[in-house]
Structures are given as C-alpha cells and as structure tokens.
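# Topology and contacts: notes
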Amino acid sequence: MKLNVYGKKIEIVWSNDNWLVLYIGSEGKKRIAEGITIPSSIQQDEVIQYLADLFHESATPSQNKVFEIT
C-alpha cells in the first residue's frame, strides 16, 4: 500500500509477519524507513490512522492528511 503521510511518500508491505516501511524517492527508488516501526498487531485498515497519529506533528496547512495513493 502506497501512502502520502503529510507530504512524504511511503510504501507499507506486509512481509514475514511484520510491516515493512519504505520511503519512496522522487525517482521511484525505495529505501527502508528504519525510523518507522508499525507493530505487527496493527491491521491493514488501521495503518493510515496509526501513521496519522504517529506523525501528526509533521502536518502543515497544505499537507494535513494521510491518505492512500495509486
């Protein structure tokens, strides 16, 4: 699942019973987001709200939402 988290593009992947979080660069390249941990107990439909709560201090007037991107 690809997300926009207050302006940052990330991808969340369920792998080996854990959430893997990747930053998506402007050229489409990905790298592991080592500073972001999502507990394995979080369900897929809870991920957006979890990240919104975790990074709410990063919100700005123009980047004030966490949402799925395609």
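Look up: the structure comes first, before these words.
Please read all numbers here as calculations on a predicted model, not as lab measurements.

### Concerning the packing of aromatic side chains
As enumerated under the stated definition, the model contains one aromatic pair in all. Between W14 and W19, the ring centres sit 4.9 Å apart and the planes meet at 70°, which makes this aromatic pair edge-to-face. On the basis of relative accessibility, which here comes to 14%, the residue W19 falls in the buried class.

### Overview of the sheet that holds strand β4 (residues 30–32)
Two modes of strand pairing occur in sheets, parallel and antiparallel, and in both the strands are linked by backbone hydrogen bonds. The strand order across the open sheet formed by five strands is β4-β3-β2-β1-β5, and the pairing between neighbours is antiparallel. Edge positions in the open sheet fall to β4 and β5 (66–69), since each of these has one partner strand only. Across the sheet, the mean angle separating the axes of adjacent strands is 35° when strand polarity is ignored. The sheet contact formed by strand β1 (residues 2–5) and β5 spans four bridges and is antiparallel. Each residue of the ladder has a partner; that of V5, found in β5, is V66.

### Looking at the pairing of strand β3 (residues 18–24)
Strand direction decides the pairing type here: strand β2 (residues 8–15) and β3, joined by six bridges, are antiparallel. Its bridge partner lying in β3, E11 is registered against L22. Two elements, β3 and β4, share three bridges in a ladder whose sense is antiparallel. What sits directly across from Y23, in β4, is R31. Here β3 folds back onto β4 in antiparallel fashion, the turn holding five residues, of which G28 has a positive phi close to 90°.

### What to know about the pattern of salt bridges
What the rule picks out here adds up to two salt bridges. Notably, a salt bridge pairs E11 with K30, separated by 2.4 Å at the nearest N-O pair. On the criterion of sequence distance, the pair formed by E11 in strand β2 and K30 in strand β4 is long-range, its members being 19 residues apart. Here E11 falls in the buried class, since its relative accessible area comes to 12%. Residue class for K30 comes out partly exposed when judged on its relative accessible area of 44%. Close ionic contact of E27 with K29 constitutes a salt bridge, the shortest N to O distance being 3.8 Å. Accessibility expressed as a relative area gives 67% for E27, which makes it exposed.

Rules used throughout
- Residues numbered from 1 in each chain as written.
- Predicted model: local features only at pLDDT ≥ 70, side-chain atom pairs only at ≥ 80, totals over all residues.
- Heavy atoms only, no water.
- Phe/Tyr/Trp six-rings, centres within 6.5 Å; stacked < 30°, edge-to-face > 60°.
- Buried < 20%, exposed > 50% of the residue type's maximum accessible area, 1.4 Å probe, protein only.
- Pairing = 2+ DSSP bridges.
- Helix = DSSP H or I, 4+ residues; strand = E, 2+ residues; numbered from the N terminus.
- Axes fitted to C-alpha atoms, helices over the stretch in contact; angles between N-to-C directions.
- Salt bridge = Lys/Arg side-chain N within 4 Å of Asp/Glu carboxyl O.

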